[in-house]
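Residues per chain are reported as follows:
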Amino acid sequence: MNHRSADFLLELGQLPEDCVTTLAPSFELLPPSPYADGDFRLRSFSHFLFDGVRPQRLPTKAFVQDGEINTFQGGVERYYPEIDDAVVDSEAFAEMFRRFRAMTGMDASSPIEVHQMRILAGRAKATEAAPEGVHQDGFRHLAVFVIERRNIRGGEIRVHTGRDEAPFVSHPFDHGEFVVLNDKRFWHSAGAMEAANDDDAYMDLFVLTA
């Protein structure tokens, strides 16, 4: 691990417009989650190595988090459908990896896990976008790329210096905005979200961890 990777803390960024345009339609194809978050999340999951040019898909595996890290559905082996080949093969998908790696300084041998999610906003009551509350994911590096917010109130992505600390970043990320952070140093959460009216309401995002 190089010096930048060890010292990296947090950085904000913006994907180019053409990346957002390319990635946004793929969220329409996401399947519902079969687990505890299935009432409000559509989700796919894959993991990769990245050589600096293209992500190389690794064999399918379960996603598992320790119960102390994820109090909502930790300790459960979760198998999600793989991210669609058309997404993985796109230049826009590779650009997310380039930004993630450039900001953190991680080396090419570090596997990168990717969650593609649509979080559905509640109408009768608000949806907890991060039902586990203020948390860490158990990795060194984490990135949240928000591709689109549609017809929602709330859902701000928040960054905290500790589990019990108020957020020092709280922003309604949208249209390719992203945050990359050191998951060992910071905690994160998301605000509850609700539909602004009766139209479809959701937040589309990719979460990368390594």
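Our subject is the structure listed above.
From a predicted model like this one, the values you see are computed outputs, not experimental measurements.

Asks: Any chance you could explain the pairing of strand 12 (residues 202-209) here in plain terms?
Replies: Side chains on a regular strand alternate between the two faces of the sheet. Most of strand 12 sits inside the fold, with 8 of its 8 residues counted as buried. With burial as the criterion, each face of strand 12 is covered, one bearing Y202, D204, F206 and L208 and the other bearing M203, L205, V207 and T209. Strand direction decides the pairing type here: strand 4 (residues 112-120) and strand 12, joined by 8 bridges, are antiparallel. Bridge pairing in strand 12 links Q116 to F206. The sheet contact formed by strand 5 (residues 141-150) and strand 12 spans 8 bridges and is antiparallel. Bridging across to strand 12, V146 finds its partner in L205.

Asks: I'm lost on the pairing of strand 7 (residues 157-160) in this one. Help?
Replies: In terms of strand pairing, strand 7 meets strand 8 (residues 169-171) through 3 bridges, oriented antiparallel. Directly across from V159, in strand 8, lies its bridge partner V169. For strand 7 and strand 10 (residues 187-190), the ladder comprises 4 bridges, and the chain directions are antiparallel. Across the sheet, V159 pairs through a bridge with H188, a residue of strand 10.

Asks: Looking at this structure, I do not really get the nonpolar core. What am I missing?
Replies: Generally speaking, soluble globular proteins have nonpolar side chains that are buried together. Counting residues in hydrophobic clusters, the biggest one holds 31 residues, and the most contacted among them are F93, I112, V114 and F206. If you list the elements that add at least two residues to this core, you get helix 2 (17-23), strand 2 (41-50), helix 3 (85-88), helix 4 (91-104), strand 4, strand 5, strand 9 (177-182) and strand 12. At 6 residues, the largest contribution of residues to this core is made by helix 4. If sequence neighbours within four positions are ignored, F93 has contacts with L23, F48, P55, I83, V87, V88, V114 and F206. Membership of the second largest hydrophobic core comes to 24 residues, among which are A121, A129, V179 and L205.

Asks: Help me out: how do you make sense of helix 4 in this one?
Replies: Counting along an α-helix, one turn takes 3.6 residues, and residues three or four places apart therefore face a common direction. Between its first and last C-alpha atoms helix 4 spans 20 Å; for 14 residues at 1.5 Å apiece the expected length is 20 Å, and the two agree. Those residues of helix 4 not exposed but buried are A92, F93, A94, E95, M96, F97, F100, M103 and T104.

Asks: Whenever I open this one, the environment of Y202 confuses me. Can you help?
Replies: Within the secondary structure, Y202 is located in strand 12. Residue class for Y202 comes out buried when judged on its relative accessible area of 8%. A C-alpha to C-alpha distance of 5.4 Å links Y202 and I119, two positions 83 residues apart in sequence.

Reading the values: the criteria
- Residues numbered from 1 in each chain as written.
- Predicted model: local features only at pLDDT ≥ 70, side-chain atom pairs only at ≥ 80, totals over all residues.
- Heavy atoms only, no water.
- Buried < 20%, exposed > 50% of the residue type's maximum accessible area, 1.4 Å probe, protein only.
- Helix = DSSP H or I, 4+ residues; strand = E, 2+ residues; numbered from the N terminus.
- Pairing = 2+ DSSP bridges.
- Core = buried A, V, L, I, M, F, W, Y, C linked by side-chain atoms within 4.5 Å.
- Contact = heavy atoms within 4.5 Å.
- Expected span 1.5 Å × (residues − 1).

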